[in-house]
Amino acid sequence: MSTTGETDTQSTRLDWRTRLSGVFLGAAGGMGINVLSNDVGYRGVAAATAAGAVLSVATSLRRLPPRAPLVRHTTRTLLALALLGALLAVVGPAPWAAYATLTATALTVTVVLTTTTTDTAVTLMVGAAGVGGGIALIGGGIAFLTDDKILLGAAITGCGMAIAGIGITSLTDSMILFGAAIIALGVALIGGGIASLTDDKILLGAAAFFVGAAIIGVGIAVLTDSKIQHDAAITGCGMAIVGIGIAFLTDDKILLGAAAVVLGAGLIGVGIALLTDSKILLGAAAFFFGAGSIGIGIGGLTDDKILLGAAIIAFGVGGIVTAIATLVAEPDRRGRLREWFAAQKRDPAGDDSPAEDPSRVGESSST
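Note that the coordinates shown come from a computational prediction; the quantities given were computed from them, not determined experimentally.

Novice: Describe the pattern of salt bridges, with residues and values.
Specialist: Applying the stated criterion to the full structure yields two salt bridges. Residue Asp251 is joined to Lys253 by a salt bridge in which the shortest nitrogen-to-oxygen separation is 3.9 Å. Judged by its relative accessible area of 40%, Lys253 falls in the partly exposed class.

Novice: Can you tell me about unusual backbone geometry, naming the residues and giving the values?
Specialist: The backbone of Asp252 shows a phi angle near 65°, a positive value even though the residue is not glycine. Looking at where Asp252 falls in the secondary structure, it is placed in the loop between α9 (227-250) and α10 (254-276). Look at Asp252 and you get exposed, because its relative accessible area is 66%. For Asp277, which is not a glycine, the phi torsion comes out positive at approximately 60°. Following the sequence through the fold, Asp277 ends up in the loop between α10 and α11 (279-302).

Novice: I'd like a rundown of the packing of aromatic side chains, residues and numbers included.
Specialist: Evaluated as defined, the whole model comprises two aromatic pairs. Where Phe209 meets Phe210, the ring centres are 6.1 Å apart and the plane angle is 90°; that geometry is what we call edge-to-face. Classification of Phe209 by relative accessible area gives partly exposed; the value is 33%. Taking relative accessible area as the criterion, Phe210 reaches 54% and is therefore assigned exposed. Geometrically, the ring pair formed by Phe287 and Phe288 is edge-to-face, given 6.5 Å between the ring centres and 90° between the ring planes. Its relative accessible area of 47% is what places Phe288 among the partly exposed residues.

Novice: How would you sum up α11? Please name residues and give values.
Specialist: Taking 1.5 Å of rise per residue, 24 residues should cover 34 Å, and α11 covers 35 Å from first to last C-alpha, within 8% of that figure. Taken together, the buried positions of α11 are Gly283, Ala285, Ala286, Gly290, Gly292, Ser293, Gly295, Ile296, Gly297, Gly299 and Gly300. Against the buried residues of α11 lie α10 and α12 (306-327). After α11 finishes, the residue Asp304 shows a positive phi value of roughly 65°.

Novice: Go over the nonpolar core, please, and point to the residues and values.
Specialist: Judged by nonpolar contacts, the single largest core of 30 residues is most densely connected at Leu185, Val211, Cys237 and Ile241. Counting residues per element, the ones that place at least two in this core are α6 (150-172), α7 (175-198), α8 (202-224), α9, α10 and α11. In contact with Cys237, not counting residues within four places along its chain, are Val211, Ala214, Ile215 and Leu267. Judged by nonpolar contacts, the second largest core, of nine residues, contains Leu107, Val111, Val112 and Leu124.

Novice: Quick one: what's the story with the packing of α6 against α7, residue by residue and with numbers?
Specialist: Look at α6 against α7: their axes get within 8 Å of each other, and the N-to-C directions meet at 160°. Considering the angle they form, α6 stands roughly antiparallel to α7. Here α6 and α7 pass one another in a crossing that is left-handed. Residues Leu151, Leu152, Ala155, Gly158, Cys159, Ala162, Ile163, Gly165, Ile166 and Thr169 of α6 touch α7, and the partners they reach there are Leu177, Phe178, Ala181, Ile182, Ala184, Leu185, Ala188, Leu189, Gly191, Gly192, Ile194 and Ala195. Here the contact of α6 with α7 is composed, by residue class, of 17 nonpolar, five polar and no charged.

Novice: Give me the packing of helix α3 (residues 69-91) against helix α4 (residues 97-114): which residues, what numbers.
Specialist: Taken N-terminus to C-terminus, the directions of α3 and α4 make an angle of 160°; their axes are 8 Å apart at the nearest point. Between α3 and α4, the angle falls in the class roughly antiparallel. Remark: the crossing between α3 and α4 carries left-handed chirality. Between α3 and α4, the residues in contact are Thr75, Leu78, Leu79, Leu81, Ala82, Gly85, Ala86, Leu88 and Ala89 and Ala97, Ala100, Thr101, Ala104, Leu107, Thr108, Thr110, Val111 and Thr114, respectively. Tallied by class, the residues present in the contact of α3 with α4 amount to twelve nonpolar, six polar and no charged.

Quick notes on the rules
- Residues numbered from 1 in each chain as written.
- Predicted model: local features only at pLDDT ≥ 70, side-chain atom pairs only at ≥ 80, totals over all residues.
- Heavy atoms only, no water.
- Salt bridge = Lys/Arg side-chain N within 4 Å of Asp/Glu carboxyl O.
- Buried < 20%, exposed > 50% of the residue type's maximum accessible area, 1.4 Å probe, protein only.
- Helix = DSSP H or I, 4+ residues; strand = E, 2+ residues; numbered from the N terminus.
- Phe/Tyr/Trp six-rings, centres within 6.5 Å; stacked < 30°, edge-to-face > 60°.
- Expected span 1.5 Å × (residues − 1).
- Contact = heavy atoms within 4.5 Å.
- Core = buried A, V, L, I, M, F, W, Y, C linked by side-chain atoms within 4.5 Å.
- Axes fitted to C-alpha atoms, helices over the stretch in contact; angles between N-to-C directions.
- Parallel < 35°, antiparallel > 145°, perpendicular 65-115°, else oblique.
- Left-handed = near helix turned anticlockwise from the far one by under 90°.
- Nonpolar A, V, L, I, M, F, W, Y, C, P; charged D, E, K, R; others polar.

Structure, rendered in structure tokens:
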């Protein structure tokens, strides 16, 4: 209400351009739904229903105290069901893989959305992605073992077990088990590199060998709590992953190779940022790491590796969320961002600028 007791319509009424844009956007949305309904059918209805259910449950749980019994029991139940979905995607019938993966993803996203801090959300996302990706790799390794590719199958199975262990230890917050799982992953990658070398894939095998060695260094650094060794090993791991990306590019695997190069460059940046204690560089590098991971995950999805692709994409999303949280973590930086955004909406001339032509504002006069 205004000071004269009349409704202040001038500040609330929309001009004709805004109303017309709303009409066009509404029409476009309706036509888009009509087109999609013919393509996706009941699957689209199921996906929309699942998305609504996820948001509804997450919103309801976020209103409760984090330590409330209902929140704790619901979170554990959802994670257990997500694990069951991941297992079903690997060992169940092939037509069930996509649905089981989507179900596990929806359950995990529900748990992530119920958290109240960014650190907890990223930990849950990365931990669940590690477990899911590890299970997918174990299934792939077993397939190679049954195809008489013993060394490669054993290496992939070892990688899967180690990655699943990393996911579990990140959820349980056990640094000793975390370091041991990282070392096991490095050993498995070295085995994969040797398998590639015996198959005449020289560049790929050498790069995998060096990635494994660098990851072992990370694991030892975690166990010994050596920051310099930890950061240097991450940098070396990034360099080796860039080599893997180049190997994929030379083998005409463009998407996978480019994504691996971006991921490796991001890891190099993360290592350097940790060594120099640069938060800005760390945030930017984490963003590249996330983008590269998402690219690799998309490559897995296009190659029908549903669970593995979804898990790697979750890693990437976690990296991007970490990047954003790192870049805006400091109050001074958040304040500067708010001031900059507010300045973009103000008249640079200030309050002394000439009044705007009322005819350009819209239909603000009342009758």
